[in-house]
Amino acid sequence: MPDYLQMPLGRFLAAVASGESAPGGGAAAAVAVALAAGLAGMAARLSSGHLDGAEALAERADRIREEVAPLARADAEAFGRVLEAYRLPREREDRPGRIRRALGEAAAVPLEIAVRGAEAARLASRLAGRGNPNLKGDAVAAVLLAEAGVRAAAELVRINDPEGERKQRAGRLVEDASGERQAVLGGS
């Protein structure tokens, strides 16, 4: 499995567009959230004269970015285990349990992406409202990217764990991120 964090952007985009199953939607969601956190970090660093606590916001944005970026690879690996489980011979007694466990893991990783995305959306929304007004567009872009990452990740959770508690939690995270978008765009 290649290290997506070390790939040049063009190569990563080509890998997403390839005929391979990974990197896929989870990796794209993680990258969207990492980009959102990066933009929020930049906006926070350049808002120190406008917003008390801007340095702490920049540090938190950096932590979000550092936490979510590796989840791009983790998602691809989890999906690979789902494929492996489905490829087991149908007559194997452990096949249903292995599929169930693999799907659970395939839901857990995007849930973590959604958690960090909702946090990035909150942070960026705060910066859009009270940070450096010259960077409002960057902060709004961060909110939108974060929401997109949360929505994509939550959909993957729903697909892989349609009956579980993870689905409910992911839905709440989508609501949170959507609320931050509405706050910065005035309800649109």
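Everything quoted here is computed from the prediction, not taken from an experiment.

S.K.: What's the story with the overall build of the chain in this structure? I'm lost.
M.R.: Counting its regular elements, the chain contains 7 helices and 0 strands. Counting from the amino terminus, the chain carries its helices and strands in the arrangement α-α-α-α-α-α-α. The globule rule puts the C-alpha radius of gyration for 188 residues at 16 Å, and the 18 Å found for the chain is close to it. In terms of principal-axis extent, the alpha carbons of the chain reach across some 65 × 35 × 25 Å. For the chain, restricting intrachain contacts to residue pairs at least 6 apart in sequence, the fraction spanning at least 24 positions comes to 74%. Here the chain displays about 9600 Å² of accessible surface, and carbon together with sulfur accounts for 51% of that area. Averaging the locations of the 26 positively and 26 negatively charged side chains of the chain gives two centres separated by 2 Å.

S.K.: Mind showing me how you'd approach the pattern of salt bridges here?
M.R.: Pairing is possible between side chains that carry opposite charge, provided their charged atoms lie close to one another. Using the criterion set out here, one finds 14 salt bridges in the structure. Across the pair D94 and R92 runs a salt bridge, and its minimum N-O distance is 2.8 Å. Exposure remark for D94: the relative accessible area of 29% places this residue in the partly exposed category. Between D161 and R166 there is a salt bridge, with its nearest N and O atoms 3.5 Å apart. Among the ionic contacts, a cluster of salt bridges with common partners joins R60, E67, E112, R116 and E119.

S.K.: For this particular structure, what's the right way to read the environment of A102?
M.R.: Considering the arrangement of structural elements, one finds A102 in helix 5 (residues 95-130). Remark: the alpha-carbon pair of A102 and E84, spanning 18 residues in sequence, is separated by 8.8 Å. Among residues more than four places away in sequence, those in contact with A102 are R81, V82 and A85.

S.K.: What exactly am I supposed to notice about the environment of D138 here?
M.R.: Topologically, D138 is positioned in helix 6 (residues 136-160). Since its relative accessible area comes to 26%, D138 is described here as partly exposed. For the pair D138 and S125, spaced 13 residues apart in sequence, the C-alpha to C-alpha distance is 10 Å. Those residues within four positions of D138 in sequence are excluded, and the remaining contacts are L39 and M42.

S.K.: Help me out: how do you make sense of the side chain of S47 in this one?
M.R.: For S47, the location among the structural elements is in the loop between helix 2 (25-45) and helix 3 (54-68). According to the relative accessible area criterion, S47 is buried, its value standing at 1%. Polar side-chain contacts of S47 include one of 2.6 Å to the backbone oxygen of A43. Not counting chain neighbours up to four residues away, the residues in contact with S47 comprise A54, L127, G131 and N132.

S.K.: Please explain the environment of V150 as it appears in this structure.
M.R.: Positionally, V150 belongs in helix 6. Spatially, the C-alpha atoms of V150 and P110 are 8.5 Å apart, while their sequence positions differ by 40 residues. Discounting chain neighbours no more than four positions away, the residues touching V150 are V33, A114, G117, A118, L173, V174 and A177.

S.K.: Can you help me understand the nonpolar core in this one?
M.R.: It is characteristic of soluble globular proteins that their nonpolar side chains tend to be buried jointly. In terms of nonpolar packing, the biggest core is built from 53 residues, with V68, I113, L123, L127, V150 and L173 touching the most fellow members. For this core, the elements supplying multiple residues, two or more each, are helix 1 (9-17), helix 2, helix 3, helix 4 (71-87), helix 5, helix 6 and helix 7 (165-185). In this structure I113 touches G26, A29, A30, V33, V68, L71, G149 and A153, once residues within four positions along its chain are discounted. Formed by 6 residues, the second largest nonpolar core is a distinct cluster that contains V82, A102, L103 and A106.

Here is what the cut-offs are and how they apply
All residue numbers refer to positions counted from 1 along the written sequence of the respective chain. pLDDT decides what is reported in this predicted model: residues at 70 or higher carry local features, side-chain atom pairs at 80 or more are listed and counted, and totals for whole chains, interfaces and linings draw on all residues regardless. Only heavy atoms go into the side-chain values, all of them from the structure, while hydrogens and water stay out. Elements are defined by DSSP. Helices are runs of H or I of four residues or more, strands are runs of E of two residues or more, and each kind is numbered from the N terminus. Our radius of gyration looks at C-alpha atoms and nothing else; its globule reference is 2.2 Å times the residue count to the power 0.38. By definition in these notes, contact holds between two residues if any of their heavy atoms fall within 4.5 Å. Surface accessibility in these figures is a Shrake-Rupley result with a 1.4 Å probe; residues are shielded only by whichever protein chains are displayed. Note on charges: Lys and Arg go in the positive column, Asp and Glu in the negative column, and His and the chain ends are not counted at all. By convention, the charge on Lys lies at NZ, on Arg at CZ, on Asp at CG and on Glu at CD. The salt bridge definition used is simple: a Lys or Arg side-chain nitrogen within 4 Å of an Asp or Glu carboxyl oxygen. The buried label goes to any residue with under 20% of its type's maximum accessible area, the exposed label to any with over 50%, and the partly exposed label to all in between, with areas taken from a 1.4 Å probe on protein chains only. Pairing of N or O atoms within 3.5 Å defines a polar contact, subject to two protein rules: one partner must be a possible hydrogen donor and the other a possible acceptor, and residues neighboring in sequence count only if both atoms are side-chain atoms. Among buried residues, the Ala, Val, Leu, Ile, Met, Phe, Trp, Tyr and Cys ones that are joined through side-chain atoms within 4.5 Å form a nonpolar core.

So, to be careful, I would describe these as geometric facts and stop short of saying anything about function.
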